[in-house]
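Chain and residue survey
Next come the chains, spelled out residue by residue.
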Amino acid sequence: MSTQGHDKKRVVIVGGGIGGGLVAKTLQFGADVTLIDPKDFYEIPWANLRAMVEPSFAEKSVINHTDYLTNGRLVISHATSITDFDVFTSDGQQIPYDYLVVATGHEEEFPRTRDGRLKQYVAENEKIKAANSILIVGGGPTGVELAGEIAVDFPKKKLTLVHRGARLLEFVNTKASTRALDWLTAKKVEVILEQTVDLSSASDGTYKTSNGESIAADCHFLCIGKPLGSSWLGETVLKDSLDSRGRLMVDEHLRVKGRKNIFAVGDITDIPEIKQGYLAQVHSQVTAKNINLLMSGGDESKLASYKPPKGQPIALVSLGRKEAVAQFPFMTISGCIPGMIKSRDLFVGKTRKTMGVGSKPRAKTEK
Ligand SMILES: Cc1cc2nc3c(=O)[nH]c(=O)nc-3n(C[C@H](O)[C@H](O)[C@H](O)COP(=O)(O)OP(=O)(O)OC[C@H]3O[C@@H](n4cnc5c(N)ncnc54)[C@H](O)[C@@H]3O)c2cc1C
């Protein structure tokens, strides 16, 4: 039974990804929580590429919001605007808040329902299985992890990866980039750097690169960076809180600068650190703690602070099911040891536990 009531403060969380989902889950029993997300599910983004080669994997990595948000309200819609008091959504709702958390990470088009998302993985898997040759455009974490998954599960497919930059995985150090390149090359993936592909000119299974090279491929996957999910804030009371890259500027308590009751977490923030889900989860914990303190009338001097990690940040990029390349604060390694940390279950079990949804998906609820 819901314990929501008017005596509780209204906390509205915009964005049901890694950061926003955790804030909603954490605050739901002490506040009147509303989560706004355009889809009815929470997804572990770093498990996406495994789900493309093994669609049943998504049964665990795509979770209904209602599985962890059992005492809050879910609004399945895009937030389109905010004022000092309300959030507005594309389906015409006006949702008042006492505290607001912006967690809109990156913009991406998804099916609205979990069932739709699971079907999408089946379709992507069919596309991979039907192709003899595959072009991957983009050599960031998504492109490299997809190439790794396909190279391991479908070793007979001809894979070509084209990347605009001078090295793969530009968000990690050069040693990690080189390890990833060497691994892919050893798996016979053709990696073409410093070139782009004009997808509009593709015809009859031939793609042209910016250098005029031709690549024959039966299909392609576009794995380029997604735009930040902050364009909807451009005409709102937070327009001056966006930096030149469109990130929300926050103070050490993760409040949007100059704001007493608006917080931001995850990839949308201007915190100088690499954008990683495990850091978004720490932002969420700090934010939930601070909102709890403010809701109970606590002293602002007791607000918790977030400190970005010092030195070289941890980043793991999986290379198929058993191997990975890892950048740790004092070393960079590749092979089976980092693979044991990430690549077997891609932190899905750990993330499900953090979200309080147990290790196995619930029995199917969709029709
Ligand atoms: C291939 C790959 C591998 C990765 N591997 C790792 C890893 O091993 N470990 C790790 O820690 N991190 C990893 N990351 C990074 C991690 O996925 C992100 O840092 C994390 O997802 C950020 O969380 P977030 O909540 O800020 O944003 P997101 O998870 O992007 O969530 C944003 C949410 O906001 C919603 N949204 C957007 N716009 C609106 C709107 N207008 N109204 C309402 N809702 C909106 C979206 O639908 C989405 O649900 C990886 C990323 C990629 C791409």
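Here the residue index of a chain counts from 1 through its sequence in written order. With the structure being a predicted model, the display of local features is reserved for residues of pLDDT at least 70 and the display and counting of side-chain atom pairs for 80 or more, all residues being used for whole-chain, interface and lining totals. The side-chain numbers reported here are obtained from all heavy atoms of the structure, hydrogens and water having been left aside.

Labels follow the DSSP assignment, with helices taken as runs of H or I lasting at least four residues and strands as runs of E lasting at least two, numbered in each case from the N terminus. What the chain contains, in helices and strands, is 10 helices and 19 strands. Radius of gyration: over C-alpha atoms. The globule rule applied is 2.2 Å multiplied by the number of residues raised to the 0.38 power. Relative to the 2.2 N^0.38 estimate, which gives 21 Å for 367 residues, the radius of gyration of the chain is 21 Å and therefore close to what a compact globule would have. Along the first, second and third principal axes, the C-alpha set of the chain runs to 65 × 50 × 40 Å. In the chain, buried positions account for 52% of the 367 residues. The Shrake-Rupley method, run with a 1.4 Å probe, gives the accessible areas here. Residue values count only the displayed protein chains as cover. Of the roughly 17000 Å² that the chain leaves accessible, carbon and sulfur atoms contribute 53%. For the chain, the distance from the average position of its 48 positive side-chain charges to the average position of its 42 negative side-chain charges is 6 Å. The cut-offs for exposure are 20% and 50% of the maximum accessible area for each residue type, with area from a 1.4 Å probe on protein chains only; residues under the lower value are buried, those over the upper are exposed, and the others partly exposed. Counting rule for charge: Lys and Arg are taken as positive, Asp and Glu as negative, and neither His nor the chain ends is counted. Throughout, a charge is located at the NZ atom of Lys, the CZ atom of Arg, the CG atom of Asp or the CD atom of Glu.

How two aromatic rings sit relative to each other is given by the distance of their centres and the angle of their planes. Planes of paired rings set the category: under 30 degrees apart is stacked, over 60 is edge-to-face and the rest tilted, where pairs are Phe, Tyr or Trp rings (Trp by its six-membered ring) whose centres lie within 6.5 Å. Scanning the entire structure with this criterion turns up 2 aromatic pairs. Between Tyr42 and Tyr68 the ring centres are 5.6 Å apart and the planes differ by 65°, which places this aromatic pair in the edge-to-face class. Of this pair, Tyr42 sits in strand 3 (residues 41–43) while Tyr68 sits in helix 4 (residues 65–68), placing them 26 residues apart in sequence. On the accessibility criterion, Tyr42 (0% relative accessible area) is buried. We call a charge positioned over a ring when the NZ of a Lys or the CZ of an Arg lies within 6 Å of the ring centre and within 35 degrees of the ring normal. Positioned above the aromatic ring of Phe41, the side-chain terminus of Lys39 is 5.0 Å from the ring centre.

Moving on, we come to the site of the ligand. By convention in this text, a residue qualifies as near a molecule or strand provided that one of its non-hydrogen atoms is within 4 Å of it. The ligand sits among 33 residues. The nearest are Gly19, Asp37, Asp267, Tyr278 and Lys342. In protein, a polar contact means a hydrogen-donor-capable atom and an acceptor-capable atom, both N or O and within 3.5 Å, with residues adjacent in sequence counting only if both atoms are side-chain atoms; elsewhere, any N or O pair within 3.5 Å suffices. Here Ala103 contributes a backbone N or O atom positioned 3.5 Å from an oxygen atom of the ligand. A distance of 3.5 Å separates an oxygen atom of the ligand from a polar atom in the backbone of Lys275. Isolated, the ligand exposes 1000 Å² of accessible area, and the fraction of that covered by the protein chains is 89%. Taken together, the elements giving at least two residues each to the shell around the ligand come down to helix 1 (18–27), strand 2 (32–37), helix 6 (141–153) and helix 8 (277–295). The biggest single contributor to the shell around the ligand is helix 6, with 3 residues. Source of the domain bounds: an automatic or database domain assignment. Residues from two domains meet in the shell around the ligand; each of domain 1 (10–38 + 77–108 + 226–309) and domain 2 (114–225 + 312–341) gives at least three.

So, about the sheet that holds strand 11 (residues 158–163). The pairing criterion is simple: DSSP has to find at least two bridges between the two strands. Pairing in this open sheet of 4 strands is parallel, and the strands run 12-11-10-15 from one edge to the other. The open sheet has two edge strands, strand 12 (190–193) and strand 15 (219–222), and neither has a second partner. The sheet shows a mean angle of 20° between the axes of neighbouring strands, direction not considered. Of the pairings in the sheet, the one linking strand 10 (residues 133–137) to strand 11 comprises 5 bridges and is parallel in character. Paired with Leu135 across the bridge in strand 11 is Thr160. Its contacts with the sheet put helix 6 on strand 10, strand 11 and strand 15, and the angle it makes with strand 11 is roughly 170°. Between N-to-C directions, angles cover 0 to 180 degrees, with each direction set by a line fitted to C-alpha atoms, over the stretch in contact for helices. By the convention used here, residues are in contact when the closest approach between their heavy atoms is within 4.5 Å.

Our next topic: the packing of helix 1 against helix 8. To characterise two packed helices, one gives the angle between the axes of the helices and the distance between these axes. Where helix 1 meets helix 8, the axes come as close as 8 Å, and the angle between the chain directions of the two elements is 35°. Note that helix 1 runs across helix 8; the crossing there is right-handed. From helix 1, Ile18, Gly19, Leu22, Val23, Thr26 and Leu27 reach across to helix 8, where they touch Gly277, Ala280, Gln281, Ser284, Gln285, Ala288, Ile291 and Asn292. Here the contact of helix 1 with helix 8 is composed, by residue class, of 7 nonpolar, 7 polar and no charged. We call a crossing left-handed when the near helix sits turned anticlockwise from the far one by less than a right angle, and right-handed when that turn is clockwise. Three categories are distinguished: nonpolar for Ala, Val, Leu, Ile, Met, Phe, Trp, Tyr, Cys and Pro, charged for Asp, Glu, Lys and Arg, and polar for the others, with Gly belonging to the last.

Every residue is assigned a pLDDT by the predictor, reflecting its confidence on a scale from 0 to 100. Summarising the model, the chain shows a mean pLDDT of 95, and 97% of its residues fall at 70 or more. Contacts of residues 1–5 to residues separated by more than four positions or lying in other chains number 11 contacts, the stretch itself having pLDDT below 50. Interface confidence in the predicted complex, given as ipTM, is 0.99; pTM for the same model is 0.95.

Sheet architecture is open: 3 strands sit in the order 17-18-19, paired in antiparallel fashion. Pairing within the sheet leaves two strands with one partner each, and these edge strands are strand 17 (315–319) and strand 19 (332–335). Strand-to-strand, the axes of this sheet are offset by a mean angle of 10°, without reference to chain direction. Bridging between strand 17 and strand 18 (residues 323–327) involves 5 bridges; their strand directions are antiparallel. Bridged to Leu319 within strand 18 is Glu323. Relative to strand 19, helix 7 (residues 174–186) is tilted by about 15°, and along the sheet it contacts strand 17, strand 18 and strand 19.

Let us now look at the pairing of strand 19. For a regular strand, the rule is simple: side chains alternate between the two faces of the sheet. In the sheet, strand 18 pairs with strand 19 via 4 bridges, with the strands oriented antiparallel. Bridge pairing in strand 19 places Gln327 opposite Thr332. Adjacent in sequence and paired antiparallel, strand 18 and strand 19 are bridged by 4 residues.

Here the focus is helix 8. In a helix, the anticipated span is given by 1.5 Å times the number of residues less one. When the terminal C-alpha atoms of helix 8 are compared, their 26 Å separation across 19 residues agrees well with the 27 Å that a helix rising 1.5 Å per residue should span. Phi for Gly297, located one or two positions after helix 8, is positive at around 75°.

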